[in-house]
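# Secondary and tertiary structure notes
These are the residues of each chain, in order.
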Amino acid sequence: EKAKSPLGANAKVRQALNYAIDREALNQVVFNGEFVPGNQWVNPQSPWYQQAFPVPKRDVAKAKALLKEAGVTGRLTIDFMVGNNPETRQVAEVLQSMTAEVGFDIKIRVVEAATALKTAEDGDFQLYQNNWSGRIDPDGNTVLYQTCGSPLNTGRYCDKEIDELHREARASSDFATRKKVYEKIAAKFLPTGWMVYLFHPNYLIAHTNRLEGFKPMPDG
């Protein structure tokens, strides 16, 4: 029921939200510049990152135009459920401020984290901020969220073509072959899917200078 709104029903509204966000400013304000702004299911430093779809710059004019194309008139009120911790609340407050300039009226609803997760699993939300621990292989960041009926697909998104592409990616162990498949997934999911990716934590690792050959992987 909560998806029966312009945000849930129209991909252009979700894209308007996407273009209303300045990810680098969000990184500076909330995370002291220590995180990595992102727009995909892997860190931009990852070899799996799709360079053809770079992190979008904030574009207020484009966001407003997309809302107009979607038939949204006046301010669009959105209920934004977030877990109750200071960092998450601050992210929500920054997003609330940024998107207000475009025409969104985000109402932040702070909920205890476990309750928020259960509410999201029930599909009882319009907008929900979720954090994911991340996997080095993109499959662990995508299938659970993007395929029909998957456990973490709390937005109930379903596109049979996306499902087939994920099966194709799983059928090969060749990096180049799989990356081309994920490029097709990015081309379809990023503009029409139900998720807006914002940032990736940086993992700070201390070690002795006697250690040789150590290379930390993006996303931990």
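One structure accompanies this document, and this report is about it. Please read all numbers here as calculations on a predicted model, not as lab measurements.

Here we take up the sheet that holds strand S3 (residues 104-111). Taking strand neighbours across the sheet as the criterion, the three strands line up as S3-S2-S4 in an open arrangement whose pairing is parallel. Looking at which strands have only one partner, the edges of the open sheet turn out to be S3 and strand S4 (127-128). Of the pairings in the sheet, the one linking strand S2 (residues 76-83) to S4 comprises two bridges and is parallel in character. Looking at the pairing, Phe 80 lines up with Leu 127 of S4. Against the sheet, helix H6 (residues 113-121) touches S2, S3 and S4, its axis set at about 125° to S2.

With that out of the way, let us pick up helix H7 (residues 139-146). Counting buried positions over the eight residues of H7 gives six, a clear majority of the element. Taken together, the buried positions of H7 are Asp 139, Asn 141, Thr 142, Val 143, Tyr 145 and Gln 146. Contacts made by the buried residues of H7 are with helix H8 (160-170) and helix H9 (175-192).

Moving on, we get to the pattern of salt bridges. Applying the stated criterion to the full structure yields twelve salt bridges. A salt bridge links Asp 79 to Arg 109; the shortest N-O distance between them is 2.7 Å. Of this pair, Asp 79 sits in strand S2 while Arg 109 sits in strand S3, placing them 30 residues apart in sequence. Lys 188 is the partner of Glu 161 in a salt bridge, and the nearest nitrogen-oxygen pair spans 3.6 Å. In this pair, Glu 161 sits in helix H8 while Lys 188 sits in helix H9, placing the two residues 27 residues apart along the sequence. For Glu 161, a relative accessible area of 47% translates into the label partly exposed. Take Lys 188: its relative accessible area is 26%, and that puts it in the partly exposed class.

A few words on the state of the cysteines. Taken as a whole and assessed by the stated rule, the structure comprises one disulfide. Here Cys 148 is linked by a disulfide to Cys 158, with a sulfur-sulfur distance of 2.0 Å. As the torsion about the S-S bond is roughly 95°, the Cys 148-Cys 158 disulfide counts as right-handed. You can see Cys 148 sitting in the loop between H7 and H8 and its partner Cys 158 sitting in the loop between H7 and H8, a full ten residues away along the chain. A relative accessible area of 46% places Cys 158 in the partly exposed class.

Parameters and conventions
- Residues numbered from 1 in each chain as written.
- Predicted model: local features only at pLDDT ≥ 70, side-chain atom pairs only at ≥ 80, totals over all residues.
- Heavy atoms only, no water.
- Pairing = 2+ DSSP bridges.
- Helix = DSSP H or I, 4+ residues; strand = E, 2+ residues; numbered from the N terminus.
- Contact = heavy atoms within 4.5 Å.
- Axes fitted to C-alpha atoms, helices over the stretch in contact; angles between N-to-C directions.
- Buried < 20%, exposed > 50% of the residue type's maximum accessible area, 1.4 Å probe, protein only.
- Salt bridge = Lys/Arg side-chain N within 4 Å of Asp/Glu carboxyl O.
- Disulfide = S-S within 2.5 Å.

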